[in-house]
Amino acid sequence: MALTFTDLVEADLGKLANAVSDWKKAVDGLKKLAENARTGMQGKSDSARWAGVNATVTREFVAKTAKEISDLHTEADSIYQVLDDGHTELGTLQQQMKTAVHDDAPALGIRVEDIGGGRVRCFFPHVRGDTDERTQDELDKRQELEDRINRILAHAAEIDASVARALAKSHGGDPFDAGHAKYESLNDAEAERAVELARKGDNMSDAELRELNELLRFNSAEKDGEFATEFYQGLGGPEKALQFYAAMSIDGTGGEATKTRLDAVQDLQKVMGYTLANATDPDHKYHLSDDWGAQFRRLGTQQIGWQPGQWNKPYGYQVLGGLLRYGDYDPRFINPIAEHITQLHKKDPYFFLSNKPAGSPDTYGFNPSGRLGSGNEPLNSVLEALGHSPEAAEKFFSQPPTAYNEDGTVKKDGKPGFDSYVDLLTDKDFEWTADTNSANILADEDKAKTIMGYGPDALGHALEAATTGLPYGSDAVSPPHSKDAADIFHQLVERYGTDPEDLDDSPMRDSLGNITADYMRDVQGAFMGDGGSVVGTHGAGAHLGDMDVTDNPEGLPPGALKNFLGAVGKDPDAYGAIVTSQESVTTDLVNDAFHNADKYKELAPEIANRVNPGGEIAGIMAESRTQAVVDEKLADDAKFNEGVATADKWAGRIIGMGIGKIPVGGDVAGWVVEDIQESVVSNFTRDSSEEALKDRGAFLEQQQTSSAQAIYDATYTAAKEAGYDDVNAQSQATAARREILDSYGLGRQRAGK
């Protein structure tokens, strides 16, 4: 019977605590008895001179008795350890549940209902006179709470089942024979069960596979790495681990596999990846030996089979790639693999694809998730791995490459033939491949274009992680940029700012837009011409201003930054990220100026100086959007509106990096972020009708007016918040709007129009 919501909330864990205490006393007592039996009774028996029947029967009886006492201690200790861990974990989960139900739900006006089967539903109860209409934010919070409570319940059920199973195995079911399974922790029991299930391979039932997934999900992130390490060791080594996953990803999803089975195998891919990342982190107390990495590299170019007489056998890297797509990997494990795979691809782009298994074009390959390829091309997979592994990604793109032999060993005194992976992978002649099991993709031009973009898209994700210090797609505030990370962004701006046409319709542009948004202080500082002294940088500076022998010798070739922004801004998602971050930085700068007004003889010129770069960037973005929508027909204007609407996370992230007087996390920061989000949506959402797009000039003029209005609103609000009366606040805001109108035109000129 499933553990219910009521069971967990109302359970009296004090009784379990008492049981733990009692078993601890039993363990201590039996330990003394076992020691006395070993050194006393057993010792005397061993040293005595037995004769006749006593030499056999009595001596054997004494030895058996001493052993049974020792076994009783072992059994009691195992039970104690399992109960103690179970009590601790259930106590933590119970507290999390009580917080969710008693604090979070009422604060959101939500009621929690137990629907049985170990699940709940959360809903807004009807209040008389209420329309029952909810905002998307309210609906999202309701769903997040429901998912969180159900995860807590599932975790508690897994612990409950694991404790019960471990206790049964420790006892063994024989009242006259103690000492069976021995566990030093609940982790041991859970890892044992996970391995037991995995050894069934694709013969696991749906229920067993679901149980395995839950064991991996709830234990793979433990900080000491104990469970993760024991699980992979229990599989029998690197090759056995690959064979197990290969069998599940192919046999578990092909043929007559149900939707339920496919979902479970997709889940397995994720949780096995997270578990592998944990197990291979050398900083954890428990971790796999370095030999695992070396063996994976050796197996990378060897064919792996998992059935007798198997005809099609994938290379090890094709299988491993499916696991690497999930998890934050330590650079000491993942980077040698990433370098080896990249160098193999450089030498022969079709080395792996030529080994693609024959069969149905609808099979899922070794990437059941289906995201960015079927998994036959491990380069895409390992770039996705770097996209989730910021430290590894930064080192991969910033450190000199190491040359590898085909068997994965380091090539002594070898040269890889290129200076950096940024240079190699952004080279316009680098050959990407079509990672798909679909047949005849050339017959569908749009489909072929999408598939050929999987590799560059994965590269963009890896570069996001390398430059921001966060896994791609994260909503968190990035840590201060390191020098290496900032240097990578500098290289990207120079690379594509020098040849912006190489980004035409590139799948990388959304990632480059996110990176640019994260470095918006550097970008605006470059346009301000102060090297970032007023704008500030978030950590190390990227030196994005034009080269100047005396002032900025590390800068960029003239025009590179504006060319880069113009090319990236043609992507709707990149456009949304850039305009939102620009508005956020400008708002922060204006607030900072008002709060330090006593530093300036006249405030209006300082405000103008601070809003000017934002106007230039807005002008460049307007020109990019117009070129993409009106001139080149690269994207519908509605897509740009959508990009603006979904870029709201950037307001919070940028303010979180702020240099101004906005208290991060405070009430003021909250309304400032909301104001920025509302302003961007209202001012950068356009009329997407065909009629509105006919007049290019009118379209651009509308964007200019909207950009100026956004700065007017931000300046007026900042002035009022700083204590200015309405007349003076309007005066400052009007001057800021005038500056934006002028700098906007300069931005369009910078964009080459």
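Residues numbered from 1 in each chain as written. Predicted model: local features only at pLDDT ≥ 70, side-chain atom pairs only at ≥ 80, totals over all residues. Heavy atoms only, no water.

Explanation requested: the pairing of strand E1 (residues 111–116) in the structure shown.
Looking along a regular strand, one sees side chains alternate from face to face of the sheet. In this structure, E1 lies alongside strand E2 (residues 119–123), joined through five bridges in antiparallel fashion. In the sheet register, Val112 faces E2, and the bridge partner there is Cys122. Turn length for the E1-E2 hairpin, with the two strands adjacent in sequence and antiparallel, is two residues, and the turn residue Gly117 shows positive phi of about 70 degrees. (Pairing = 2+ DSSP bridges. Helix = DSSP H or I, 4+ residues; strand = E, 2+ residues; numbered from the N terminus.)

Just checking my understanding: could you explain the nonpolar core for this structure?
A general tendency of soluble globular proteins is for nonpolar side chains to be buried together. Core analysis: the biggest nonpolar cluster contains 132 residues, and Leu212, Phe231, Tyr232, Met272, Leu324 and Phe397 have the highest contact counts within it. Counting residues per element, this core draws most heavily on helix H9 (residues 259–279), which supplies eight residues. Sequence-distant contacts of Leu324, defined by excluding residues within four places in its chain, comprise Leu276, Tyr329, Phe333, Ile334, Ile337, Val382 and Ala385. Ranked by size, the runner-up nonpolar core spans 27 residues in total, among them Ile110, Val112, Leu153 and Leu186. (Core = buried A, V, L, I, M, F, W, Y, C linked by side-chain atoms within 4.5 Å. Buried < 20%, exposed > 50% of the residue type's maximum accessible area, 1.4 Å probe, protein only. Contact = heavy atoms within 4.5 Å.)

It is not clear to me how a negative patch on the surface should be interpreted in this structure. Could you clarify?
On the surface, Asp419, Asp423, Asp427 and Asp429 cluster together to form a negatively charged patch. In this structure, Asp429 sits in the loop between helix H15 (421–426) and helix H16 (445–452). (Patch = residues over 30% accessible without salt bridge, like charges linked within 9 Å, V, L, I, M, F, W, Y side chains within 5 Å. Areas by Shrake-Rupley, 256 points an atom, 1.4 Å probe, with all protein chains shown as cover. Salt bridge = Lys/Arg side-chain N within 4 Å of Asp/Glu carboxyl O. Lys, Arg positive; Asp, Glu negative; His and termini not counted. Charge placed at Lys NZ, Arg CZ, Asp CG, Glu CD.)

I'm lost on the packing of aromatic side chains in this one. Help?
Here the distance between the centres and the angle between the planes together describe a pair of aromatic rings. For the coordinates displayed, the defined rule picks out 20 aromatic pairs. A ring pair is formed by Tyr315 and Phe351, whose centres lie 4.8 Å apart and whose planes are at 20 degrees; its orientation type is stacked. Pair noted here: Tyr315 is in the loop between helix H10 (291–300) and helix H11 (316–324) and Phe351 is in the loop between helix H12 (331–347) and helix H13 (378–387), with a separation of 36 residues, a long-range link. Overall, Phe351 belongs to the buried group, its relative accessible area being 17%. With centroids separated by 5.3 Å and ring planes inclined at 80 degrees, the aromatic side chains of Tyr575 and Phe640 adopt a geometry described as edge-to-face. In this pair, Tyr575 is assigned in helix H22 (residues 572–595) and Phe640 in helix H24 (residues 637–645), connecting sequence segments 65 residues apart. An aromatic cluster of at least three residues, connected via ring pairs, comprises Phe227, Phe231, Tyr232, Trp292, Phe296, Tyr329 and Phe333. (Phe/Tyr/Trp six-rings, centres within 6.5 Å; stacked < 30°, edge-to-face > 60°.)

Hey, could you run me through the packing of helix H17 (residues 454–468) against helix H19 (residues 509–518) in this one?
Each pair of packed helices can be described by the angle between their axes along with the distance between the axes. Where H17 meets H19, the axes come as close as 8 Å, and the angle between the chain directions of the two elements is 15 degrees. Between H17 and H19, the interaxial angle falls into the category roughly parallel. Read as a crossing pair, H17 and H19 show a hand that is left-handed. Side by side, H17 and H19 meet where Asp457, Gly460, His461, Leu463, Glu464, Thr467 and Thr468 of the first sit next to Asp510, Ser511, Asn514, Ile515 and Asp518 of the second. Here the residues of the contact of H17 with H19 are counted per class, giving two nonpolar, six polar and four charged. (Axes fitted to C-alpha atoms, helices over the stretch in contact; angles between N-to-C directions. Parallel < 35°, antiparallel > 145°, perpendicular 65-115°, else oblique. Left-handed = near helix turned anticlockwise from the far one by under 90°. Nonpolar A, V, L, I, M, F, W, Y, C, P; charged D, E, K, R; others polar.)

Explanation requested: the environment of Gly497 in the structure shown.
One can find Gly497 in helix H18 (residues 483–498). Counting along the chain gives 60 residues from Gly497 to Pro557, while the straight-line C-alpha distance between them is 8.5 Å. Once residues lying within four places of it in the same chain are set aside, the contact partners of Gly497 are Leu492, Ala560, Asn563 and Phe564.

Even after reading the chapter, I still don't get the confidence of the model for the protein, so can you show me in this structure?
If pLDDT is low for a region, its predicted coordinates should not be looked at in detail. On average, residues of the protein score 83 in pLDDT, and 82% of them are at 70 or above. The low-confidence segment residues 40–46, where pLDDT is below 50, has 15 contacts with residues more than four positions distant or belonging to other chains. (pLDDT = per-residue confidence, 0-100.)

Mind showing me how you'd approach the packing of H18 against H19 here?
Between H18 and H19, the least distance of the axes is 11 Å, while the angle of their chain directions is 125 degrees. With respect to their mutual orientation, H18 and H19 come out oblique. Between H18 and H19 lies a crossing of left-handed hand. Along the contact surface, H18 presents Phe489, Leu492 and Tyr496, while H19 presents Leu512, Ile515 and Thr516. Among the residues making up the contact of H18 with H19, the classes are represented as five nonpolar, one polar and no charged.

Would you mind showing me how to read the pattern of salt bridges here?
Oppositely charged side chains can pair when the atoms bearing their charge come close. The tally for this structure, following the rule as stated, stands at 26 salt bridges. The salt bridge involving Asp330 is made with Arg332; its shortest N-O contact spans 2.8 Å. In this structure Asp330 comes out as buried when scored by relative accessible area, which is 7%. Ionic contacts of the salt-bridge type, sharing partners, join the residues Asp104, Glu144 and Arg148 into one network.

Even after reading the chapter, I still don't get the side chain of Gln582, so can you show me in this structure?
Here Gln582 lies in helix H22. Within the structure, the side chain of Gln582 is placed 3.4 Å from the side chain of Glu583, a separation counted as a polar contact. Ignoring anything within four residues of it in the chain, the contact list for Gln582 reads Met520, Gln524, Gly614, Ile617, Ala618 and Ile711. (Polar contact = N/O pair within 3.5 Å; in protein donor to acceptor, adjacent residues only side chain to side chain.)

Sorry if this is basic, but what is going on with the environment of Lys223 here?
Mapping Lys223 onto the fold places it in the loop between helix H6 (206–219) and helix H7 (226–235). Accessibility expressed as a relative area gives 76% for Lys223, which makes it exposed. In sequence terms Lys223 and Tyr286 are 63 residues apart; their C-alpha atoms lie 9.2 Å from each other.

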